[in-house]
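Observations on chain architecture
The primary structure of each chain is shown beneath.
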2 protein chains.
Amino acid sequence: MSKSLRMIAFAAVPLLLAAANSSAAGKSMADVLAASKPSDWRPLDPQNTMYMDLPTGRVVIELAPQFAPNHIANIRTLARGKYFDGLAIVRSQENYVVQWGDPDAKKSFGEAKKSLAPEFTRPAAGLKFTVLPDPDTYAAQTGFVEGFPAARESAQGSAWMVHCYGMVGVGRDNDVNTGSGAELYVVNGHAARLLDRNVTMVGRVVQGMELLSTTPRGHGAMGFYEKPEERTPITQIRMAADVPEAERANLEVMRTDTQTFTDLIESRRNRREEWYKVPAGRIDVCNVPLPVRKAKT
Amino acid sequence: MSKSLRMIAFAAVPLLLAAANSSAAGKSMADVLAASKPSDWRPLDPQNTMYMDLPTGRVVIELAPQFAPNHIANIRTLARGKYFDGLAIVRSQENYVVQWGDPDAKKSFGEAKKSLAPEFTRPAAGLKFTVLPDPDTYAAQTGFVEGFPAARESAQGSAWMVHCYGMVGVGRDNDVNTGSGAELYVVNGHAARLLDRNVTMVGRVVQGMELLSTTPRGHGAMGFYEKPEERTPITQIRMAADVPEAERANLEVMRTDTQTFTDLIESRRNRREEWYKVPAGRIDVCNVPLPVRKAKT
């Protein structure tokens, strides 16, 4: 790639700005990542990691049972029963969601439940919640719970995962009791925060999001495909725990309850790279990167 | 499409919620659109409308000379000099931007300027600014200026267009004087608001965004393609004014300084459709839809 190409992203040389009282003052994200310790990372738990294998590759989804234990238990049962194998991506709506499930609603649920009570919110009490000091349009507080972007009313109120890009939720009909986890969607555009607290969120895509985001858009209502041949088939969905160790993705994600993560947020709130002339000063919960890396084995 | 498929979007029957003091109380966006008058819409100005023709179809971009007159004049000169014809999409970065220009930096600029002083912000005074009452993470005020999402410090301070999904900006090097309009990008993910006031914004995609958003992601640094054959070629870029009338897209966009648009915002701030159980109560400037339709001729 020609070096003369104009770029809008960061340059390699950090510029030291007049800095806030933070240990991250002057650090770029690259600096923060380079200085991170092994204890700043955690491996994905195979019991809470789902592989969605498409003809184009593997999508890795981390599930958050602290928010939706019943739906995630049901998803595990569905995956172990091979429910998703041979189903398809049925919907791809521009700047909204990509959704998958059984287009014919014919496949047996096996031992899984066909519907579940909603898990839209839960008590904030008991969650390890790293609060972001920045104001948010939609919620009293936003932040991170063990790697997932989240919001809460207060430490004593209710909490929920928020609809950032790459977050995964449970499709349902108008009745809130119609979700099961058999039909899932991922946010594929600007954070669809209007959906917060209206849907059971189950996790986030940690790798392979580009396999979903580039699916051809559907031209039916709400981005559903009009013809079966437009759909992307799902080869299989498996829990990582059910895949031989040698075939696992073996990923680590950055912990979100550490000084390193606080430093990383600051490195994005006020970009230090020379390209940036006006630091934003604040950051939206959905603009905080959640680093993922291959585990060193 | 099977009716039993779980959906996460709106149902056809609106639910009347206990309503705010608004003429939009109880109206869904579909209701607001159905009730809109011809005067709620404006045709795109052919002098400020750019067609980017790709092998897959046409992208229509509305330019905003009230924010970046010099860059837009230069883009017009480049388009009229056929500068963009045969160039390519050179970058597609997941949840960030898609960018196009001259990968070899060899093509003559003709009568266009090779660099321009930045137009990152301008005085808010003189702009018809529809203020959104909802709080924003990044700016003191957000809202809309003649169809473009924007922010300002105050009515007397500076104003700028914001990096919502589909907004188009000018690539540059570290030096702020290196932009020209010859290399452009579009936001393809969650609003990259950290770029606000760091880039000259020139407009927004009003049609054909899916042709850009589904481009295969580049695997080089910052999503640049590593191999020339991965790039999407640009057939041509033309100003609508330079295209015979019969070949124009003939689109209208909703005006953003009307009661109808205020009603539309309210219909999205608090969704009335039966599917929604908890109205958001607030809305982010980048979640407000900007309706586009084919003009009735």
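Preceding this paragraph is the structure being described.
Cut-offs applied
Residues numbered from 1 in each chain as written. Chains lettered and ligands numbered in written order. Predicted model: local features only at pLDDT ≥ 70, side-chain atom pairs only at ≥ 80, totals over all residues. Heavy atoms only, no water. Pairing = 2+ DSSP bridges. Helix = DSSP H or I, 4+ residues; strand = E, 2+ residues; numbered from the N terminus. Axes fitted to C-alpha atoms, helices over the stretch in contact; angles between N-to-C directions. Least-squares fit on C-alpha atoms with pLDDT ≥ 70 in both. Contact = heavy atoms within 4.5 Å. Buried < 20%, exposed > 50% of the residue type's maximum accessible area, 1.4 Å probe, protein only. Phe/Tyr/Trp six-rings, centres within 6.5 Å; stacked < 30°, edge-to-face > 60°. Lys NZ or Arg CZ within 6 Å of the ring centre and 35° of its normal. Buried area = accessible area lost by both parts, 1.4 Å probe. Salt bridge = Lys/Arg side-chain N within 4 Å of Asp/Glu carboxyl O. Polar contact = N/O pair within 3.5 Å; in protein donor to acceptor, adjacent residues only side chain to side chain. Nonpolar A, V, L, I, M, F, W, Y, C, P; charged D, E, K, R; others polar. 1 Å grid on protein atoms, 1.4 Å probe; cavity = no way out; pocket = protein on both sides within 12 Å on 5 of 7 lines; lining within 4 Å. Points joined across faces, edges and corners; volume = space filled by probe spheres on them.

1. Focus on the sheet that holds strand S17 (residues 292-294) of chain B
Residue and element names in this part refer to chain B. What the three strands build is an open sheet, ordered S1-S16-S17; its pairing is antiparallel. Of all strands in the sheet, those with a lone pairing partner are strand S1 (41-43) and S17, marking the two edges. Neighbour-to-neighbour, the strand axes of the sheet open up by a mean angle of 35°, direction not taken into account.

2. Brief notes about the relation of the copies chain B and chain A
The operation relating the pair of chain copies consists of a rotation about an axis and a translation along that axis. Overlaying chain B with chain A gives an RMSD of 0.0 Å, the required rotation being 180° about an axis along which the chain moves by 0.0 Å. As the rotation angle and translation indicate, the two copies are arranged about a two-fold axis. Residue by residue, 100% of the interface of chain B is reproduced at the interface of chain A, so both copies engage with the same surface.

3. Considerations on unusual backbone geometry
The backbone of Ala105 of chain A shows a phi angle near 50°, a positive value even though the residue is not glycine. The phi angle at Asn95 of chain B is positive, at roughly 55°, despite the residue not being glycine. Note on placement: Asn95 of chain B falls in the loop between strand S4 (88-92) and strand S5 (96-101). Asn95 of chain B gets classed as partly exposed once you look at its relative accessible area, which sits at 24%.

4. Considering the packing of aromatic side chains
Here a ring pair, both rings aromatic, is described through the centre-centre distance and the interplanar angle of the planes. All names here are of chain A. One pass over the full model with this rule turns up eight aromatic pairs over all chains. A ring pair is formed by Phe144 and Phe261, whose centres lie 5.2 Å apart and whose planes are at 85°; its orientation type is edge-to-face. Taken as a pair, Phe144 in strand S8 (residues 141-145) and Phe261 in helix H4 (residues 259-269) lie far apart in primary sequence, 117 residues in all. Take Phe144 and Phe261: they sit in the same class, and that class is buried. Here the basic side chain of Arg152 rests over the ring of Phe129, its NZ or CZ set 4.5 Å away from the ring centre.

5. A few points about the interface of chain B and chain A
In this assembly, 68 residues from chain B lie in contact with 68 residues from chain A. Each partner contributes to the roughly 6200 Å² buried at the junction of chain B and chain A, and carbon and sulfur atoms together form 56% of this total. The tally of links between chain B and chain A comes to zero salt bridges. Summed over the shared surface of chain B and chain A, the number is 31 residue pairs in polar contact (both at pLDDT 80 or more). Only S4, S5 and helix H3 (209-213) of chain B provide two or more residues apiece to the side of chain B that touches chain A. By residue class, the composition of the side of chain B that touches chain A is 33 nonpolar, 15 polar and 20 charged.

6. Here's the deal with empty space enclosed by the protein
Enumeration according to the criterion identifies six cavities of 30 Å³ or more in this entry. Of the pockets and cavities examined, the largest cavity occupies roughly 120 Å³. In terms of lining residues, the largest cavity is bounded by 16 residues, among which His190 and Asp284 of chain A together with Thr137, His190 and Asp284 of chain B are the most central. The class makeup of the residues in the lining of the largest cavity is five nonpolar, five polar and six charged. What the second largest cavity holds in volume is close to 60 Å³.

7. Focus on the sheet that holds strand S3 (residues 57-63) of chain A
Residue and element names in this part refer to chain A. With antiparallel pairing, nine strands are arranged side by side in an open sheet as S14-S4-S5-S12-S11-S13-S3-S2-S15. Of all the strands in the sheet, the pair left with one neighbour each is strand S14 (232-233) and strand S15 (236-239). Contacts from helix H2 (residues 69-80) reach strand S2 (49-54), S3, strand S11 (167-170), strand S12 (184-188), strand S13 (201-207) and S15, with the element oriented near 120° to S15.

8. A look at the side chain of Thr215 of chain A
With respect to the helices and strands, Thr215 of chain A occurs in the loop between helix H3 (209-213) and S14. Judged by relative accessible area, which is 3%, Thr215 of chain A ranks as buried. Looking at Thr215 of chain A, its side chain comes within polar contact range of the main-chain oxygen of Leu212 of chain A, at 2.7 Å. Look past the residues within four positions of Thr215 of chain A in its chain and what remains in contact with it is Ile89, Ser92, Val98, Tyr225 and Thr232 of chain A together with Thr214 of chain B.

9. Some details on the pattern of salt bridges
Residues and elements named next belong to chain B. On inspection of all chains with the given rule, the structure shows 30 salt bridges over all chains. Arg293 is the salt-bridge partner of Glu252, the closest N and O atoms lying 2.9 Å from each other. Here Arg293 lies in strand S17 and Glu252 lies in strand S16 (residues 251-254), a separation of 41 residues in the sequence. By relative accessible area, which is 14% here, Glu252 ends up buried.

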